[in-house]
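# Overview (structure and organization)
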Amino acid sequence: MPDLLVTCSRHSQGCSITVGGKYFNRLSGLLGNYNYEPSDDSLGPSGERALDVADLARMWAVSPNPCYQANQARQLDDISEAEDLTECAQLFLHSSSPLSDCFHAVDPRPYFTHCINGQSHPAFSDNDLNSPCSVLSSYRTQCWTQGVQLPEPEVCLPEVTGMCNVSGEARPSGWLHTYQKETEGSADIAIIVELSGCPEEINITKLFKALTDQLKKRGIRDVRYVVVAITGETVSWPRFMTEREAVLSVSAATPHAPTNASLNTQAIVSTAENVEWRPGVSRTIVHITCQECREGETIVEALKAHDVTYHLITKLNIIMAAPSEKESLDMAHKVYGFDERLVFLTGDFKKFKGNEKMRLVLQEPTDVCVKAAQASGGAVFNLHRWNVKKAVQEKKFLSVVGQRIALSSSAPECQECHCISEDIRTVLMCRACSTTPVFSLPVEKGKKTVMQNNTAIIEDIKRNFKEDFIKRNIAFTHLGIK
């Protein structure tokens, strides 16, 4: 479990925030300060105590003109006042409950109280009326953090209007399942090949072999492939295939006449959106092209919407910030590729680890696909370093590329799949479970606040940054960065 995990359910419209011990007594806000002392949880940014939940929400509002806050919860003074105890009791008290596998790990009694209170508060919509689904979603999430996977109760599944094909089984519209690394050892990989303007000696089969070797070393053997070929003005869309079939397909790829540059964008977006990816399985696009991506703001959106990691192998002009042109060229010559955090060098062939210090002095290319690859959690590799005339150097380059792609092909940490009915069809949509928004709150000058307790975390980060990335980096020293 990571130190900070935010999981959100679009179906139940709720989020759960789980933090590790490193944040003990170092938090503040609407969810308390995490010190196991409930009496001081209702404090505002300046340390004043809130009158009630609505007042606490007002204190922590980030807008200068906050929206109306009101506590919609109703606390029952007597359990007999609950409108209907049966449903809540069957879910959170009875041994026959579909949630009972988790009763030993997460105490269901507070959720039972929440459930009966929820039966009596005003509903925001007809679907919310007397519905236990919000508290059910909260309980299932807490169980997951304890390593217990619970099914979605039937009472919370939407009305059935269509069917989705989920790994060969028909699932009704409204079906929802959250996968947490349940498909370790499996991967779906799409390879987009566009060799216009590439050296004639480029052999995609060698890249494919390096990739499959690294996947097997990581125990990823249940792999399906799609090979998308861009030639002339067309994009061909074959079915998923086995490793042997994919080898035959990529071996047919050869350099060709220039194509419409927009086909690259079209191919990436269409592959992310239209390939029948397996739910819960890692989804990867490997794109080989010698053309620049000049457009394609929709690429990042498509990759994110379908939880796809995108890797790019293309011609790059690597520039490193250094005191002299010679030092810059020397550093750039060692670079095979990079991602959002690391630079990958020739030395990663023997021990794959990447280099954080050199990533700090890399002047990032402006290519749209380069940005999309990093935003998706993928990497970018310089096709200029694919030296087909020197077998040893070629082997090293392809090995590093294969290792980085295989590294991000493990089963997703958390992926939420939902069978959704659209106007003319029913589709299976899978996304990463959550995103973590980052924002800061304004603090009145000269006033000591609860928020200042968090400065220690910031100082830790700054100290580690200086010690680990800058202090030993000669290039930074020459540039006068302290």
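Definitions and limits used
- Residues numbered from 1 in each chain as written.
- Predicted model: local features only at pLDDT ≥ 70, side-chain atom pairs only at ≥ 80, totals over all residues.
- Heavy atoms only, no water.
- Salt bridge = Lys/Arg side-chain N within 4 Å of Asp/Glu carboxyl O.
- Helix = DSSP H or I, 4+ residues; strand = E, 2+ residues; numbered from the N terminus.
- Buried < 20%, exposed > 50% of the residue type's maximum accessible area, 1.4 Å probe, protein only.
- Pairing = 2+ DSSP bridges.
- Disulfide = S-S within 2.5 Å.
- Patch = residues over 30% accessible without salt bridge, like charges linked within 9 Å, V, L, I, M, F, W, Y side chains within 5 Å.
- Areas by Shrake-Rupley, 256 points an atom, 1.4 Å probe, with all protein chains shown as cover.
- pLDDT = per-residue confidence, 0-100.
- Contact = heavy atoms within 4.5 Å.
- Core = buried A, V, L, I, M, F, W, Y, C linked by side-chain atoms within 4.5 Å.
- Axes fitted to C-alpha atoms, helices over the stretch in contact; angles between N-to-C directions.
- Polar contact = N/O pair within 3.5 Å; in protein donor to acceptor, adjacent residues only side chain to side chain.
- Phe/Tyr/Trp six-rings, centres within 6.5 Å; stacked < 30°, edge-to-face > 60°.

## Looking at the pattern of salt bridges
- Scanning all chains against the criterion turns up 15 salt bridges.
- Between K326 and D330 there is a salt bridge; the shortest N-O distance is 3.0 Å. Of the two residues, K326 and D330 are both situated in helix 9 (residues 325–333); the distance of 4 residues between them amounts to about one turn of the helix.
- For K326, a relative accessible area of 60% puts it in the exposed group.
- Looking at D330, the relative accessible area reads 39%, which means it is partly exposed.
- Of the charged contacts in the structure, one is a salt bridge between R359 and E364, with a shortest N-O distance of 2.8 Å.
- Counted as one network, the salt bridges with shared partners bring together D188, D222, R224 and R278.

## Thoughts on the pairing of strand 9 (residues 282–289)
- Taking burial as the measure, the 8 residues of strand 9 include 8 buried ones, the bulk of the element.
- By the alternation rule, side chains of strand 9 split into S282, T284, V286 and I288 and R283, I285, H287 and T289, which are all buried.
- Direction of pairing for strand 6 (residues 186–194) relative to strand 9: parallel, over a ladder of 8 bridges. Following the sheet pairing, A187 is matched in strand 9 by S282.
- Summarising the sheet, strand 9 and strand 10 (residues 308–314) pair through 6 bridges and their orientation is parallel. Across the sheet, R283 pairs through a bridge with V308, a residue of strand 10.

## Here's the deal with the state of the cysteines
- Scanning the entire structure with this criterion turns up 5 disulfides.
- At a sulfur-sulfur separation of 2.0 Å, the disulfide partner of C88 is C115. On the S-S bond that ties C88 to C115, the torsion sits near -75°, and the link is left-handed. You can see C88 sitting in helix 2 (residues 86–92) and its partner C115 sitting in helix 3 (residues 109–118), a full 27 residues away along the chain.
- In this structure C88 comes out as buried when scored by relative accessible area, which is 0%.
- Overall, C115 belongs to the buried group, its relative accessible area being 3%.
- Residue C102 pairs covalently with C143 via a disulfide, S to S 2.0 Å. The sign of the S-S torsion, about -110°, decides the handedness of the disulfide formed by C102 and C143: left-handed. A residue pair is termed long-range when its members are at least 10 positions apart, and C102 in the loop between helix 2 and helix 3 and C143 in helix 4 (residues 133–145) qualify at 41 residues.

## Here's the deal with a nonpolar patch on the surface
- A cluster of nonpolar side chains, contributed by L4, I17, L30 and L31, occupies part of the molecular surface with about 410 Å² of accessible area.
- Structurally, I17 is set in strand 2 (residues 14–19).
- On the basis of relative accessibility, which here comes to 47%, the residue I17 falls in the partly exposed class.

## With respect to the confidence of the model for the chain
- Scored by pLDDT, the chain comes out at a mean of 78, with 74% of its residues at no less than 70.
- When the criterion is pLDDT under 50, residues 435–454 qualifies, and its contacts beyond four places in sequence or with other chains add up to 24 contacts.
- Note that residues 461–482 has pLDDT below 50 and, in this model, 28 contacts with residues that lie over four places away or in other chains.

## Topic: the nonpolar core
- In terms of nonpolar packing, the biggest core is built from 40 residues, with I285, I299, L303, Y310, I318, M320 and F338 touching the most fellow members.
- With residues near it in sequence (within four places) discarded, Y310 still touches I268, I285, H287, L303, C369, A372, A373, S376, G378 and A379.
- Within the second largest apolar cluster, 37 residues are counted, among which are M241, L342, F381 and L398.

## Observations concerning unusual backbone geometry
- One non-glycine residue, N25, lies in the positive phi region at around 60°.
- Since its relative accessible area comes to 43%, N25 is described here as partly exposed.
- Although it is not a glycine, Y36 sits at a positive phi angle of roughly 65°.

## What to know about the sheet that holds strand 5 (residues 176–179)
- Pairing within the open sheet is antiparallel, and its 3 strands lie in the order 5-16-17. Because the sheet does not close on itself, it has two edges, and the strands there are strand 5 and strand 17 (426–432). Going across the sheet, the axis of each strand differs from the next one's by a mean of 20°, ignoring polarity.

## What to know about the pairing of strand 3 (residues 163–166)
- By the alternation rule, side chains of strand 3 split into C164 and V166, which are all buried, and M163 and N165, of which none is buried.
- Note: strand 3 against strand 4 (residues 169–172), 4 bridges, orientation antiparallel. The residue bridging C164 from the neighbouring strand is R171, located in strand 4.
- Hairpin connection of strand 3 to strand 4: 2 residues between the antiparallel strands, including S167 at a positive phi of 50°.

## A closer look at the side chain of Q291
- Tracing the backbone shows Q291 in the loop between strand 9 and helix 8 (298–305).
- Judged by relative accessible area, which is 16%, Q291 ranks as buried.
- At 3.4 Å, the side chain of Q291 forms a polar contact with the side chain of E194.

## Here's the deal with the packing of aromatic side chains
- Counted according to the given criterion, the structure contains 14 aromatic pairs.
- Measuring from centroid to centroid gives 5.5 Å for F24 and Y34, while their planes differ by 75°, and the two rings are edge-to-face. Here the residue F24 occupies a position in the loop between strand 2 and helix 1 (53–59), and Y34 occupies one in the loop between strand 2 and helix 1, the gap between them amounting to 10 residues.
- Assessed through its relative accessible area of 23%, Y34 is described here as partly exposed.

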